[in-house]
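Architecture and fold: a report
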Amino acid sequence: MLQFFKYVLATFVGIIIFIFLSFFILAGIGTALSSEDEVVINDKSVLKLDLNNPIQEVGVENPFADLGGPFSGNENVVGLKDILEALKNAQADANIKGIYLKTEGPQAGWATLEEIRNQLTEFKKSKKFIVTYGESYSEKGYYIASVADKIYLNPAGGIEWNGLSAEYSFFKGTFDKLEVKPLVFRVGEFKSAIEMFSRQDMSEASKKQSSELIGAINNNFLKNISASRNIPVEELKNLADSLLIDNPKSALEHKFVTNLGYWDEFEGVLKKELKVEEKKDISFVGVDKYLKSGSKIKEGDFNTRIGVLVAEGEITSGDGSDESIGSEKFVKELKSIRDNDKIKAVVIRINSPGGSALASDVMWREIQITAKKKPVIASMSDVAASGGYYMAMGCDTIVAQPNTITGSIGIFGLIFNVTDFMNNKLGVTFDGVGTSPHADWPTATREMTEFEKSMIQKSVNEGYDTFTKKAAAGRKMSVEKLRSLAQGRVWSGIEAKENGLVDVLGGVDDAIKIAAKAAKLKEGDYRVRYYPEKKKPLDELLAKVMGDSEEKATAKTLGELAPYVKMYKKLMNMGGTQTRMPFEMVIR
C-alpha cells in the first residue's frame with residue numbers, strides 16, 4: 001500500500017512540474033513570437049528572396065519550421081503581399097545593395113509569378129544588382145530567374161525547357177469498377193469539371209480551351225523571357241521543340257544563363273561585388289526579417305485607407321477555413337470594411353477556382369451593396385474563375401494579369417448513385433418510407449426517376465440563367481453576347497480583356513491605384529491595409545498544430561494517393577449546384 005501511495009505522489013508531483021514548466025515554456029514562446037523589436041539592417045546587406053516555399057496572397061510564418069517534431073512540415077508560406085512590400089522597400093533602402101533570388105522551383109501560379117517578376121523589373125531601376133544561383137531551374141523558376149543580371153547554374157544541374165503542359169486525371173474507370181454511377185447536370189459546352197467522372201479522356205471542347213489557354217500563357221512567358229535575355233521568341237520555341245537545352249553547357253551557349261559555377265564560386269563573386277572580405281559572411285536577410293526593419297516608404301494618412309480584402313481558396317457557405325472562402329465570414333468582413341469611414345475604396349483580391357453557387361451569389365450581393373457606398377475594384381490573381389468570376393463581376397472595374405485563368409461562366413450539379421456499390425461490394429441495402437413519392441429526393445441510394453433528374457437539371461439551368469444575366473449586367477453587354485463567351489469556357493487574362501470580361505491588365509498595385517483614383521485620392525495621401533489581418537505567429541502555429549494532424553496522417557499513410565483522397569473529400573463536400581473551374585488545372 002505504501003508503495004502505491006509513493007507512485008501516486010510521484011505521478012502527482014510529475015504532473016505539477018510538467019504544468020509548471022509548460023506554462024513558462026509557452027510564456028517564453030509567446031513573448032518571443034509577439035516581440036515587435038525592430039530589426040537593424042547592416043550595410044552591404046542582400047535581400048534573399050526564397051521563392052521555393054509555397055506562396056499565397058498573405059503569408060504564414062512558422063518560426064519553428066526547422067525544429068522537427070510536432071512542428072515539422074509546417075513550413076513557412078510566403079505572402080505575395082510581403083514579397084512585393086519587401087521589394088519596394090529594398091529599392092529605397094541604402095543598406096540593401098541587391099537581391100539574391102532562390103527560385104529553382106517556385107510553388108506558385110503564373111499570375112503570382114508575373115506580379116513578382118514585374119516588381120523585380122521595377123527594382124532594377126534602382127541600379128542595384130539582382131543575382132540568382134540554382135542547382136536546377138524549372139520553367140517557372142527560370143521565368144523569375146531570367147530577369148536577373150547574373151544567372152548562375154550548377155555545372156552538374158540543368159534547366160527544364162520543353163514547353164508548358166497540362167494533364168488531367170479521369171476516374172470513370174474507377175467508378176465503373178466500383179459500380180458507382182455519377183449523375184451529371186450541367187450547362188455549358190466547356191463546363192468540363194465533370195468529365196473526370198463521365199469520360200476517360202478530354203472532350204474536343206475541353207482540349208480546345210485548354211490548348212488555347214496554355215498557348216496564351218506560353219506566349220506571354222516567351223515574350224517576357226525574350227525581352228529579358230535578348231533571345232528571339234522563335235529561337236526560344238525552337239529550343240523547346242528540339243530539347244536542345246539539355247545540359248548546363250547548352251544553357252550557357254544559348255545565353256539562358258550567364259555563368260556556370262558552384263555555390264562557393266557564386267558566393268566569391270558576390271563578395272567581390274559587395275566588397276566584403278573573403279573570410280566574412282554575406283549579410284543575407286529574408287523577407288520576414290526584413291519587413292521587421294521598418295518601412296522605407298512614406299505612408300499616407302492613417303485615416304485615409306484603401307482596403308484590400310483577400311478572397312483565396314474554394315468558395316463555400318459558412319465561415320470557411322484558411323484554405324477556403326466562407327461566404328458568411330466574407331460578408332461579415334466586407335460589411336465591416338464598408339462601414340469603416342476611414343476606408344475610402346475597396347480592392348477584392350480574388351484567387352479562387354469557384355465553388356458553391358449559392359455562396360458565390362451571397363458574396364456577389366454584398367459586393368453590390370458595398371459598390372453603392374464606395375468604389376470596389378476586382379484584382380484577379382492566379383485564378384478567378386466560375387464562382388471567382390461571379391465575385392469579380394459585381395465590382396466597378398476588373399483587373400487581371402495576362403496569365404490569370406478566368407471566365408468559366410457556367411454551372412453544374414453532381415450526385416453519385418452508390419446503390420450498386422453498397423449492395424454488390426459491401427452487401428448493404430436500403431429501404432424506407434416517405435410521405436410523398438419524392439420525399440427522399442435528391443438521393444444517392446436509389447435510381448432517380450427521369451422526372452426527378454429533370455428537376456435537378458431545371459435548377460442548374462436556372463442557376464446558369466441567373467449567372468449569365470448578372471454577368472451581362474456587370475459587364476454592360478447583351479446577355480446573348482455574354483453567353484457566347486460563357487458556356488463554362490476558361491480564358492487567359494489577355495483573352496478575357498479582348499472579349500470584354502476584364503477591363504485592365506495589371507496586378508494588385510494597379511488595382512489599388514484605380515481604386516484610389518475612383519475615390520479621388522492622390523498618390524501618397526493614403527495607406528493600404530489588407531483584410532483579414534495576418535495572424536500572429538503564435539496563433540498560426542497553434543492552429544497549424546491542431547489542424548494539420550489529419551492531413552499529415554493522410555499524406556504519410558497514402559503517399560502519392562493523398563491528393564486523390566483529398567479530391568474525393570472535396571467532392572463529398574460539394575453541396576448544391578456549383579460554379580467551379582472546369583478542371584483541376586496545373587500548368588507546368
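Throughout, residues of each chain are indexed from 1 in the direction in which the sequence is written. With pLDDT at 70 or above as the cut-off, local features in this predicted model cover only qualifying residues; side-chain atom pairs require 80 or more to be listed or tallied, and sums for whole chains, interfaces and linings still use all residues. Remark: hydrogens and water are excluded; side-chain values derive from all non-hydrogen atoms of the structure.

1. Some details on the side chain of N351
Under the scheme used here, helices are H or I runs from DSSP no shorter than 4 residues and strands are E runs no shorter than 2 residues, and both carry numbers assigned from the N terminus. Mapped onto the fold, N351 is located in strand β14 (residues 343–352). The rule is simple: take the accessible area with a 1.4 Å probe, protein chains only, and divide by the maximum for that residue type; under 20% is buried, over 50% is exposed, in between is partly exposed. A relative accessible area of 11% means that N351 is categorised as buried. In this structure the side chain of N351 is engaged in a polar contact, spanning 3.2 Å, whose partner is the backbone nitrogen of V383. Between two residues, a contact is recorded if the distance between any of their heavy atoms is within 4.5 Å. Setting aside its immediate chain neighbours within four residues, N351 contacts E57, A311, E312, G313, S381, D382 and V383. Any pair of nitrogen or oxygen atoms within 3.5 Å is treated as a polar contact; in protein, a donor-acceptor pairing is required on top of that, and neighbouring residues in sequence qualify only through side-chain atoms on both sides.

2. Regarding the pairing of strand β1 (residues 45–50)
Where β1 and strand β9 (residues 283–286) come together, 4 bridges link them in parallel fashion. Note that in β9 the partner of S45 across the bridge is S283. Only strands that DSSP links by at least two bridges are regarded as paired with each other. Where β1 meets strand β4 (residues 96–102), 6 bridges bridge the pair, whose relative direction is parallel. Note that in β4 the partner of S45 across the bridge is I96.

3. What about helix α10 (residues 263–274)?
Here a helix's expected span is defined as the number of its residues, less one, multiplied by 1.5 Å. With 12 residues, α10 ought to run about 16 Å at 1.5 Å a step, and its terminal C-alpha atoms sit 16 Å apart, in line with that. F266, L270, K271 and L274 are the residues of α10 that are buried. Buried residues of α10, seen end-on, are gathered within an arc of 140 degrees and therefore sit on one face of the element. Facing away from the buried side of α10, by more than 90 degrees, are the exposed residues D264 and K272. Where α10 is buried, its residues contact β1, β4, β5 (129–137), β6 (150–159) and β9. The arc in question is the one traced by the directions running from the helix axis out to the C-beta atoms.

4. As for the pattern of salt bridges
Put simply, a salt bridge is a Lys or Arg side-chain nitrogen that is within 4 Å of an Asp or Glu carboxyl oxygen. Tallying each qualifying case throughout the model produces 32 salt bridges. The partner of D465 in a salt bridge is K469, and the shortest N-O contact between them spans 3.2 Å. Residue D465 and its partner K469 are located together in helix α16 (residues 450–475), separated by 4 residues, close to a single helical turn. Between D503 and R475 there is a salt bridge; the shortest N-O distance is 2.8 Å. Taken together, the residues D503 in the loop between α18 (493–498) and β21 (504–505) and R475 in helix α16 connect sequence positions 28 residues apart. Of the residues examined, D503 reaches a relative accessible area of 31% and is grouped as partly exposed. Here the salt bridges share partners, and the residues they tie into one network are K181, D420, E447, E450 and K453.

5. Concerning the sheet that holds β1
Hydrogen bonds between backbone groups are what pair the strands of a sheet, and the pairing can be parallel or antiparallel. On the basis of which strands lie adjacent, the open sheet formed by 6 strands has the order β8-β6-β5-β4-β1-β9 and parallel pairing. The outermost strands of the open sheet, each flanked by one partner alone, are β8 (259–260) and β9. Across 6 bridges, β5 lies against β6 in parallel orientation. Across the sheet, G134 pairs through a bridge with L153, a residue of β6.

6. Things to note about the environment of T419
Within the secondary structure layout, T419 lies in helix α15 (residues 419–425). For the pair T419 and T429, spaced 10 residues apart in the sequence, the C-alpha separation amounts to 7.5 Å. When sequence neighbours within four positions are dropped, the list of residues in contact with T419 reads A444, T445 and R446.

7. Focus on the packing of aromatic side chains
Any two of the Phe, Tyr and Trp rings considered here, Trp counted by its six-membered ring, make a pair once their centres fall within 6.5 Å; the pair's planes then place it as stacked at under 30 degrees, edge-to-face at over 60, or tilted in between. Summed over all chains, the structure comprises 18 aromatic pairs. Their ring planes at 75 degrees and their centres at 5.4 Å tell us that W110 and F221 sit as a pair that is edge-to-face. Of the two residues, W110 is situated in helix α3 (residues 110–123) and F221 in helix α7 (residues 204–229); the sequence distance between them amounts to 111 residues. Taken as a pair, W110 and F221 share a single burial class, namely buried. Among the aromatic residues, those joined into a cluster by ring pairs are Y100, Y133, Y152, W263, F266 and F284. Counted as over-ring charges are cases with an Arg CZ or a Lys NZ within 6 Å of the ring centre that also lie within 35 degrees of the ring normal. The ring centre of Y143 lies 4.8 Å from the NZ or CZ of R117, which sits over that ring. Above the plane of the ring of W491 lies R489, whose end atom (NZ or CZ) is 4.3 Å from the centre.

8. Some words on the confidence of the model for the chain
The quantity known as pLDDT measures the predictor's confidence residue by residue, on a range of 0 to 100. Mean pLDDT over the chain stands at 85; residues scoring 70 or higher make up 81%. Low pLDDT (under 50) marks residues 65–74, which in the prediction has 14 contacts with non-local residues, meaning those over four places away or in another chain. Confidence drops under a pLDDT of 50 for residues 544–549, and excluding neighbours within four residues, the segment shows 5 contacts in the predicted structure.

9. What to know about the environment of W161
Structurally, W161 is set in the loop between β6 and α5 (172–178). Note on W161: relative accessible area 3%, which makes it buried. For the pair W161 and A240, spaced 79 residues apart in the sequence, the C-alpha separation amounts to 5.4 Å. When neighbours within four sequence positions are excluded, W161 is seen to be in contact with E139, Y142, F221, L222, I225, L236, L239, A240, L243, I245 and F256. Side-chain polar atoms of W161 contact the backbone oxygen of L236, separated by 3.1 Å.

10. Quick notes on α3
The terminal C-alpha atoms of α3, which comprises 14 residues, lie 20 Å apart, in line with the 20 Å expected from a rise of 1.5 Å per residue. Burial runs high along α3: 11 of the 14 residues are buried. Those residues of α3 that fall on the buried side of the exposure criterion are W110, A111, T112, L113, E114, E115, I116, R117, Q119, L120 and F123.

11. Section: the packing of α3 against α7
When two helices pack together, their arrangement is given by the angle between the helix axes and the distance between those axes. To obtain each axis, a line is fitted to C-alpha atoms, and for helices this fit is confined to the stretch in contact; angles are then taken between N-to-C directions over 0 to 180 degrees. The N-to-C vectors of α3 and α7 enclose an angle of 20 degrees; their axes lie 12 Å apart at closest approach. With respect to α7, the element α3 is oriented roughly parallel. When you trace α3 past α7, the crossing you get is left-handed. Facing α3, whose interface residues are W110, E114 and R117, α7 presents I217, N220, F221, N224, I225 and S228. Should an angle lie under 35 degrees it is considered roughly parallel, over 145 roughly antiparallel, and from 65 to 115 roughly perpendicular; all remaining angles are considered oblique. Should the near helix be turned counterclockwise from the far one by less than a right angle, the crossing is left-handed, whereas a clockwise turn marks it as right-handed.

12. Some words on the nonpolar core
If you look at the biggest cluster of nonpolar residues, it comprises 71 residues, and the most contacted ones within it are L49, L120, I159, W161 and F256. Sorting elements by how many residues they give to this core places helix α2 (residues 80–92) first, with 6 residues. Excluding its chain neighbours within four sequence positions, the residues that come into contact with L120 are L49, L87, I99, L101, I130, I144 and V147. Working definition of a nonpolar core: buried Ala, Val, Leu, Ile, Met, Phe, Trp, Tyr and Cys residues. They are joined through side-chain atoms within 4.5 Å. In terms of nonpolar packing, the next biggest core, distinct from the first, is built from 50 residues, I343, A357, A378 and M380 among them.

13. Observations concerning unusual backbone geometry
Cis geometry marks the peptide bond from W441 to P442, where omega comes out at -5 degrees. As for its placement among the helices and strands, P442 is situated in the loop between α15 and α16. Despite not being glycine, E179 shows a phi value in the positive range, around 60 degrees. If you trace the backbone, E179 turns up in the loop between α5 and β7 (181–187). We classify E179 as partly exposed; its relative accessible area is 27%. Here S386, not a glycine, exhibits a phi torsion of approximately 55 degrees, which is positive.

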